[in-house]
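One letter stands for each residue in the lines below.
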Amino acid sequence: IKCGLTLITGITGSGKSTTLDSIVDFHNKFDPAHVIIIAAPVEYVHSSNFCLVKHREVGRDVLSFKEGVIQSLRQDPDIIIIGEMRDPDTIMAALEVTDTGHKVFSTLHTSSATESLERIIAEVNPTEQERVRNRLADVLVSVVSQKLVPTLDGKVVLAKEVMMVIPSVKAAIKNNNLSEIYMMINQGGNMGMITMEQDLKRLYDQKRISLETAVTYSNNKTRINQLLSAK
């Protein structure tokens, strides 16, 4: 995919930055792209390999995420990594730069795909919400929500929810029917989608996590109990 917005979401310490860094690393192995990373702070410095990678630290190189995004556009980037979409200005800037045909990756402090969409829309002024919904529906490619879940052998394992923006999801975002999206993810396994609950059940079935852990880390307790009790 040449352009579009991908969101990596999760609470603090759920490995979002690590996932973003591994995406940059993946591109850096074969893709001659110009990558600009706007972060606060810069945690991991990527050396340019196939990619030309530039880092911008908020507070030192640029005043804000928004300013970092606007400045980066003058440098003809292919991929822009925005450390965090934490305020309406950054959200609007991220949507606008994606709209101009860039590939954008960013993070949010949310624990599910639907919550991520709700958060973005709720952050902006009510008069702007319809415009943001439409733009978001047009530019969003996928949302990955992740959690680091304790395993039976005392380590942690990644549990994730993956939403791909297929036509039905796009329509649900535009029409403000966000509550329907969970079932679309639930039924979208053949398109690479998975709900957090389905992934926790997978880890439980593989005997990597306990039943209690699966329930504790789920976003939807009713759904996880249905999945775990289904034979």
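Along each chain, residues carry numbers from 1 onward, in the same order as the chain's sequence is written. Where local features are concerned, this predicted model is filtered to residues with pLDDT of at least 70; where side-chain atom pairs are given and counted, the filter is 80 or more; whole-chain, interface and lining totals use all residues. Heavy atoms from the whole structure form the basis of all side-chain values; hydrogens and water molecules are not counted.

Asker: Teacher, can you tell me more about the environment of Val-144 here?
Answerer: By secondary structure assignment, the location of Val-144 is in strand β6 (residues 140-150). Along the sequence, Val-144 and Glu-161 sit 17 residues apart, while their C-alpha atoms lie 5.6 Å from each other. Two residues form a contact once any of their heavy atoms are found within 4.5 Å. With sequence-adjacent residues up to four places away left out, Val-144 is seen in contact with Leu-7, Ile-8, Thr-9, Lys-160, Glu-161 and Val-162. In this description a helix means any DSSP run of H or I spanning at least four residues, a strand means any run of E spanning at least two, and both kinds are numbered starting from the N terminus.

Asker: I tried to follow the nonpolar core on my own but got confused; where do I start?
Answerer: In globular proteins that are soluble, nonpolar side chains generally tend to be buried together. The biggest cluster of nonpolar side chains holds 41 residues, and the ones touching the most others in it are Leu-140, Met-163 and Ile-181. In this view, Leu-140 contacts Leu-5, Leu-7, Leu-117, Met-163, Val-165 and Ile-173; residues no more than four positions away in its chain are not counted. Leu-20, Ala-39, Ile-79 and Ile-194 belong to the second-largest nonpolar core, a separate cluster that totals 16 residues. Buried residues of nine kinds, namely Ala, Val, Leu, Ile, Met, Phe, Trp, Tyr and Cys, make up a nonpolar core once their side-chain atoms join them within 4.5 Å. Working definition: with a 1.4 Å probe on protein chains only, accessible area under 20% of the residue-type maximum means buried, over 50% means exposed, and in between means partly exposed.

Asker: I'm lost on the pattern of salt bridges in this one. Help?
Answerer: In a structure, side chains of opposite charge can pair up when their charged atoms sit close to one another. A pairing counts as a salt bridge when a side-chain nitrogen of Lys or Arg comes within 4 Å of a carboxyl oxygen of Asp or Glu. Within the structure shown, the criterion is met by 10 salt bridges. Between Arg-131 and Glu-128 there is a salt bridge, and its shortest N-O distance comes to 2.8 Å. When its relative accessible area of 27% is taken as the criterion, Glu-128 is described as partly exposed. Linking Lys-160 and Asp-199 is a salt bridge whose minimum nitrogen-to-oxygen distance equals 3.1 Å. Of the two residues, Lys-160 sits in strand β7 (residues 156-164) while Asp-199 sits in helix α8 (residues 196-205), which places them 39 residues apart along the sequence.

Asker: When you look at a nonpolar patch on the surface in this model, what are you seeing that I'm missing?
Answerer: A surface patch of nonpolar side chains, about 230 Å² in accessible area, is lined by Leu-148, Val-156 and Leu-158. Looking at where Leu-158 falls in the secondary structure, it is placed in strand β7. Judged by relative accessible area, which is 37%, Leu-158 ranks as partly exposed. Patch definition: residues above 30% relative accessible area lacking any salt bridge, with like charges linked at up to 9 Å and the nonpolar side chains Val, Leu, Ile, Met, Phe, Trp and Tyr linked at up to 5 Å. Calculation of accessible area relied on Shrake-Rupley with a 1.4 Å probe; when residues are assessed, cover is drawn exclusively from the protein chains displayed.

Asker: Looking at this structure, how should I read the sheet that holds strand β5 (residues 103-108)?
Answerer: Strand-to-strand pairing in sheets goes through backbone hydrogen bonds, with the strands running parallel or antiparallel. The sheet built from 7 strands is open, its strands ordered β3-β2-β4-β5-β1-β6-β7 with mixed pairing. At either margin of the open sheet sits one strand with a lone partner, and together these are β3 (52-57) and β7. Pairwise comparison of adjacent strand axes, ignoring direction, gives a mean angle of 15° for this sheet. At least two DSSP bridges between two strands are needed for those strands to be called paired. With 4 bridges joining them, strand β4 (residues 79-82) and β5 adopt parallel strand pairing. Opposite Ile-82, over in β5, you have Ser-106 as the bridge partner. Between N-to-C directions, angles span 0 to 180 degrees; the directions come from axes that are lines fitted to C-alpha atoms, helices contributing only their stretch in contact. On the sheet, helix α4 (residues 113-123) packs against β1 (4-9), β5, β6 and β7 and is oriented at approximately 120° with respect to β6.

Asker: Honestly, helix α2 (residues 65-73) in this entry has me stumped. Any pointers?
Answerer: Structurally, the α-helix is built with 3.6 residues per turn, so residues lying three or four positions apart point the same way. Listed in full, the buried residues belonging to α2 are Phe-65, Gly-68, Val-69 and Ser-72. One face of α2 carries all of its buried residues, which in axial projection span an arc of 100°. In this structure, the buried side of α2 is in contact with β2 (34-39), β4 and α3 (88-99). Each C-beta atom gives one direction from the helix axis, and the arc is the one those directions make.

Asker: Teacher, can you tell me more about the packing of aromatic side chains here?
Answerer: Aromatic ring pairs are reported here in terms of the distance separating the ring centres and the angle at which the planes meet. Pairing of aromatic side chains here covers Phe, Tyr and the six-membered ring of Trp, requires ring centres within 6.5 Å, and sorts the geometry by plane angle: under 30 degrees stacked, over 60 edge-to-face, intermediate tilted. Counted by the stated rule, this structure contains 1 aromatic pair. Residues Phe-26 and Phe-30 carry aromatic rings whose centres are separated by 5.0 Å and whose planes lie at 75° to one another, so their mutual orientation is edge-to-face. With a gap of 4 residues between them, Phe-26 and Phe-30 both fall in helix α1 (residues 16-30), about one helical turn apart. In this structure Phe-30 comes out as partly exposed when scored by relative accessible area, which is 45%.

Asker: Would you take a moment to explain the pairing of β7 for this structure?
Answerer: Looking along a regular strand, one sees the side chains alternate between the two faces of the sheet. Judged from the 9 bridges that link them, β6 and β7 form a sheet pairing that is antiparallel. By the bridge assignment, Ser-142 is partnered in β7 with Met-164. Between β6 and β7, which pair antiparallel and follow one another directly, the connecting turn spans 5 residues, one of which, Gly-154, has a positive phi of 80°.

Treat this as a map of the structure, not an account of what it does.
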